[in-house]
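One letter stands for each residue in the lines below.
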Amino acid sequence: MQGGSSGIGYGLKYQARCISDVKADTDHTSFLTGTLSLREENEVHLIRLSSGGTELICEGLFSHPNEIWDLASCPFDQRIFSTVFSTGSLFDIDLPFYGLKMETGLIVFFAGEGESYGAAIWQIPELYGQLNSPQLERIASLDAHTRKINCVLWWPSGRHDKLISIDDENLFLWTLDCSKKTAQVQSKQTSGMLHYLSGGAWDPHDINAVATTCESSVQFWDLRTMKKTNAVERAHIRNANYDMKNNHILVTAEDESGIHIWDLRKPKSPVKELPGHTHWTWAVTCNPEYDGLILSAGTDSSVNLWLAPTSAEEDATSESIVESPAQQAGPLLNSYSDYEDSVYGLAWSSREPWTFASLSYDGRVVVESVKPFLSRK
Amino acid sequence: MGAEDNVPLDDKAKRMRDLLSSFYAPDPSTNNAPSNPGTLDAINTSSFDADQYMNLLIQKSNLDELLQRHVEMAAEIKNIDTDLQMLVYENYSKFISATDAIKRMKSDIVGMEANMEQLLDKIMSVQSKSDGVNTSLFEKRENIEKLHRTRNLLRKVQFIYDLPTRLGKCIESEAYVDAVKFYTGALPIFKAYGDSSFQDCKQASEEAISIIVKKLQGKLFSDSESIQARTEAAVLLKQLDFPVDSLQVKLLEKLEQSLGDLQLKTDDIENASMESNDPKLGKVPDSVHITAHEGSIRGFAEAISAYRVIFPDSEGHLIKLAQDLVVKHFETVEQCVKGRFSCANLLVVLRTIWTDVLLMDEVLSEAVLPGFSLEAAQNALKQHVASTFNYLLHDISDALLRLNVSSKEAAEENPLQVALEASKKALLQGSMDVLLDFRQLLDDDLGLLVQLRDFVSDWVQEGFQDFFRALYDRFFLLSGRKSSSSQDQGLTAGAHGEKVLAGLVLVLSQLSVFIEQTAIPRITEEIAASFPGGGARVYENGPAFVPGVMCRIFRSAGERLLHHYINMRTQKVSTLLRKRFTTPNWVKHKEPREVHMFVDLFLQELKETTSEVKQILPQGLERKHRRSDSNGSTASSRSNQLRDDKTNRSNTHKARSQLLETHLAKLFKQKVEIFTKVERTQESVVTTAVKLCLKSLQEFVRLQTFNRSGFQQIQLDIQFLRTPLKETVEDEAAVDFLLDEVIVAASERCLDPIPLEPPILDRLIQAKLAKWKEKNPITP
């Protein structure tokens, strides 16, 4: 409630789950978000924070053929982004609707057993401001999947022609050629029986390291060999995020048991534990600039800002009893709870690292500044 | 010349004398050096220049003056001449009188020679006469001296011959001191002539002496003799060159042995006291043991004092012995303290030890036994406090863990409640017992404990502090939050084991509250009442018992454990829901035939939670009437009622409009705060758990895409859940809202959201209810 007034709001037409910081845009603080509507025409919004930082302006509005389950902006080209989308069922939907989708030049319809998933790389047209109804240009479709796709990952630290896509069972490494507009599977690895993958994170410090989350653990892969290198056994991990500043630090969000910070050199037990949210902790993300500043979003309709520096307090893992209640209360800097629905989308701005955008399920984007809490450090 | 001195010193006389003295003076230059030849005064100097003088005089003076000067000078010259003449005469006459005196002396010395010779003769004659006397007496004197020496020798021989009989007499009269004196006197002679002339004598006396030695030894070893006598004996033996050291060693060994016996006795005492005190009737054997022990200690103390007097150099050894005894005492005490050992027993033992120590201290104050034992007692008491609390902790966790066993083996009515009561009792009763126990330590006026009183109360407070900390750790260990291994066990073990663990967490939570609200205040009170002083002392190594901190810790622990309990419960439901929603293909769902079984499982789980909560937590105060508590306004609850009606009625309307209505209702309705603070009541906990589960259900639904039948299935399930949930839950509004939310979410995720017709819905629900009643007729 405290931070409720400071946020700058922006409303999407439909429900939405994903928001991404446009990292390659160095002139503006902008975010990409896509709607999740089963029965309506879905949209991708390019939102820009005005130069005064007082309002959010819609820079571009593009129609997207399907509901978007995941969206990621290319870290080196502001016009490129990836989406993961679902098409509903092939069998149950009305025919005209289906036909419309075919017309818009849709990509992959693979035959899952019911609903279908696809993933694609899109390019925003160059003169999108002047066009009446700008169309997204499809650069490539990642059409090798046969299962429900969970996410597409870009290497967060710079230009890299590889992409990773994760579905329920497989991990794909793609080579993307933007000029030729092709994406080819370079390698593929199946996670193994009984490991339903749910998401992943690409290590910003190591171009060959990727973490994937599954029901019972976080697994770490070496992309050169496509072999598992390590695993953290932990159930129900929703989301994982690498610390941009500190190597070996991974933050995970779990359904019921909050947030855990891991030092990957010591995968047995977490370095730190944060209580998380009243209900599930859905997403967690580390600030790209400020050490130990962590945001988490939860299904209790709130976003929590934590301060949990790992490097300075590594020795303090064996907390004594007296301190522990204080420590539990200490790391929570603020709780933004002025949301109407569960918050699924969360992104720090890399251009203005004291700003973050959050997206609640009802389609409301809120950009907040954490500046008032930084001074307390 | 002397006469001239008397003449008044006029110029003339003075000058003449100067002249004379300069004449006789060895160095004429000294007198005349300062004079200047250029002045008229230079006439008296050696460097006098007559021409120059004349020139000067002529230049300076007129004729009259020159004439006058001339007259003066002539007169002076005449005077000087006469003076010179007189001096010569005087000197001559003196010389003549000296010559006369020498002549007279020469004639006087001539007569003396003869007198001297006469004297020499007389002296010579005296000397010769004395020599004569001396020689004539010499022989007689020699004779006398010889006779005297013989007499002495004879007397000694006589003594030696008499020695055996004398010694015998001494033995008879027990005058060992004299005997030893005699014998030691004779000893040099025996050494010199023992082999030849006095052989018999020596043998006889040695025999006598050996008797004496034996008697002395006997005296020394016999405890009946007085200490003085024994000391005397020891001194005498030492004088007789008897190897006293070996004696000493022997004696000390004996003492050590007796010490060992003493030690054994203390062991007996402790065993006896442990055995006898347990049934609470054996005070008599106790005291008997103690008196026996005291007697032996007294003996030991006497022995020590005796040996100290006898062997002054054995002090170090004795000190060591005494300290060993104390050390051993305390070792046994510590051994005892390791087990369950009541303070009363400890007190008995400490009292015994302290009397021992005091007894020994009287005779051996150098050993600093009181200080020494004070230190040892300090350690022992500390250990005792620690182990007491350790046992208390064990008791409590035993009481808690009995829950695991009992509910596994025998199905008790309400194992949680039993466990809670048992652990509460164990905690409070145990703490009170401990305090009472330590109170005894404080009340006792034993010197040892009086000095340690402050320490004891500090230790007890510290002990409580540590105990509660340990308890806190134990709670979290038991709840499986701290150690991942136990949590894994919970996951891998069957549902039964996990269930018990969840109940345990609830018990722990309630116990934490109990500790915070009841136990700690009471203990604080008790401590304040019975352990004064200790708290006043500033404690450097950290505070003694700080009830405020402990209360805070346990309050937070109670909250955390309660949340943990809810989490554990909802986690299970969550897994259930996860399975329910990830397994089927919702897009190709068949038409709903019946309420899905996950509802049963969910309600089952809820029932378990409710029953656990009912055992442990207090009932809320008429919660049903204040159902709008969480969202704080009656308006929303009214709107809910409205919405209820609407949904009921809308079942007859077209489906799409119903959805619109729910949407609209949601828009205008006040935001329902789903996640309110959990209160420590049955209803609040259950409600929170239900809310969390329903929220999870909503989230799971949101992740799926449904076809019409799938949506209808969800609708059916939720509709069925509505009634039983409302019955169990305090906050109907929130639950209603959440249930609606689930349906809304499902309809949003549905490609073709057409709800079931109400009659069909009703029929299916009725069918399910009927089936339910059939299965377990007791539950509604």
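Counting restarts for each chain: residues are numbered from 1 in the order of the written sequence. Here chains are named by letter from A upward and ligands by number from 1 upward, in the order in which they appear as written. Given that this is a predicted model, residues contribute local features only at a pLDDT of at least 70 and side-chain atom pairs are listed and counted only at 80 or more, while totals for whole chains, interfaces and linings are drawn from all residues. Heavy atoms from the whole structure form the basis of all side-chain values; hydrogens and water molecules are not counted.

- Chain B carries the name Vacuolar protein sorting-associated protein 51 homolog in an unreviewed UniProt entry, which gives Hibiscus sabdariffa as its organism.
- UniProt positions are given in the numbering used here, feature names are shortened, and annotations may be inferred rather than shown by experiment. Recorded in UniProt for chain B, the comment headed Subunit (unreviewed entry) runs: "Component of the Golgi-associated retrograde protein (GARP) complex."
- Within the UniProt record for chain B, the comment given under Subcellular location (unreviewed entry) is "Golgi apparatus, trans-Golgi network".

- As recorded in an unreviewed UniProt entry, chain A goes by EIPR1-like beta-propeller domain-containing protein and comes from Hibiscus sabdariffa.
- Its UniProt record, at the heading Sequence similarities (unreviewed entry), says of chain A: "Belongs to the WD repeat EIPR1 family."

As for the sheet that holds strand S5 (residues 56-64) of chain A
Sheet strands associate in pairs through backbone hydrogen bonding, adopting either a parallel or an antiparallel arrangement.
Residue and element names in this part refer to chain A.
In step 1: Spatially, four strands are ordered S2-S3-S4-S5 in an open sheet, and the strand pairing comes out antiparallel. Each of the sheet's edge strands pairs with one partner strand only, and the pair in question is strand S2 (16-21) and S5. Pairs of neighbouring strands in the sheet enclose a mean axial angle of 20 degrees, with direction left out of account.
In step 2: Bridge count for S2 against strand S3 (residues 30-35) is five bridges, and the pairing is antiparallel. Along S3, the bridge assignment pairs Ile19 with Thr33. DSSP bridges decide pairing: two strands pair if at least two such bridges lie between them. Each helix is a run of H or I in the DSSP string that is no shorter than four residues. Each strand is a run of E no shorter than two, and both are numbered from the N terminus. Where helices are involved, their axes are fitted lines through C-alpha atoms of the stretch in contact, as for all axes, and angles between N-to-C directions lie from 0 to 180°.

Regarding helix H6 (residues 112-173) of chain B
All names here are of chain B.
In step 1: Every helix has an expected span of 1.5 Å times one less than the residues it contains. With 62 residues, H6 ought to run about 92 Å at 1.5 Å a step, and its terminal C-alpha atoms sit 84 Å apart, in line with that.
In step 2: Note on bend: at a given residue it equals the angle between the axes fitted to the 7 residues ending there and to the 7 starting there. The sharpest bend along H6 reaches about 50 degrees and sits at Leu163, with the proline Pro164 one to four residues further on.
In step 3: All of the buried residues in H6 are Ile160, Leu163, Pro164, Leu167, Cys170 and Ile171.
In step 4: When checking whether two residues touch, look at their non-hydrogen atoms; a contact exists if any pair is within 4.5 Å. The inward-facing, buried residues of H6 contact helix H7 (176-193) and helix H8 (199-221). Burial here depends on accessible area, computed with a 1.4 Å probe over protein chains only, as a share of the maximum for the residue type. Under 20% is buried, over 50% is exposed, and the range in between is partly exposed.

Comments concerning the packing of aromatic side chains
Residue and element names in this part refer to chain B.
In step 1: When the centres of two rings from Phe, Tyr and Trp lie within 6.5 Å, Trp using its six-membered ring, the rings pair. Their planes under 30 degrees apart give stacked, over 60 give edge-to-face, and anything left gives tilted. Summed over the entire model, instances satisfying the criterion amount to 20 aromatic pairs over all chains.
In step 2: Ring plane angle 80 degrees and centroid distance 5.8 Å describe the contact between Phe468 and Phe554, whose orientation is recorded as edge-to-face. Highlighted residues: Phe468 in helix H16 (residues 447-479) and Phe554 in helix H19 (residues 547-582), separated in sequence by 86 residues.
In step 3: Accessibility expressed as a relative area gives 0% for Phe468, which makes it buried.
In step 4: Using a relative accessible area of 0% as the deciding quantity, one classes Phe554 as buried.

Focus on the confidence of the model for chain B
Residues and elements named next belong to chain B.
In step 1: When pLDDT is averaged along chain B, the result is 73; 73% of the residues meet or exceed 70.
In step 2: Confidence of the predictor in every single residue is expressed as pLDDT, which spans 0 to 100. Element-level mean pLDDT values for chain B span from 37 in helix H17 (residues 484-492) up to 88 in helix H5 (residues 63-109).
In step 3: With pLDDT under 50 throughout, residues 622-656 is counted as low confidence; its partners more than four residues away or in other chains account for 51 contacts.
In step 4: This prediction of the complex comes with two scores: 0.65 for pTM and 0.84 for ipTM.

Quick look at the UniProt feature "coiled-coil region" (unreviewed entry) in chain B
In step 1: Under the UniProt annotation, "coiled-coil region" (unreviewed entry) lies at residues 102-129 of chain B.
In step 2: Strand forms 0% of residues 102-129 of chain B and helix 93%; the C-alpha atoms that close the span are 44 Å apart.

What about a nonpolar patch on the surface?
In step 1: Together, B:Tyr92, B:Phe95 and B:Ile96 make up a nonpolar patch on the protein surface, roughly 360 Å² of accessible area in all.
In step 2: In this fold, B:Phe95 is placed in helix H5. Two distance rules govern patches: like charges are joined within 9 Å, and nonpolar side chains (Val, Leu, Ile, Met, Phe, Trp, Tyr) within 5 Å, applied only to residues with over 30% relative accessible area and no salt bridge. Accessible surface is estimated by sampling points in the Shrake-Rupley manner with a 1.4 Å probe; for residues, cover comes only from the protein chains shown. One side-chain nitrogen of Lys or Arg within 4 Å of one carboxyl oxygen of Asp or Glu is enough to make a salt bridge.

Regarding the UniProt feature "repeat: WD" (unreviewed entry) in chain A
In step 1: Here, the residues flagged by UniProt with the feature "repeat: WD" (unreviewed entry) are residues 274-306 of chain A.
In step 2: Taken as a whole, residues 274-306 of chain A contains 0% helix and 55% strand, while its terminal C-alpha atoms sit 8 Å from one another.

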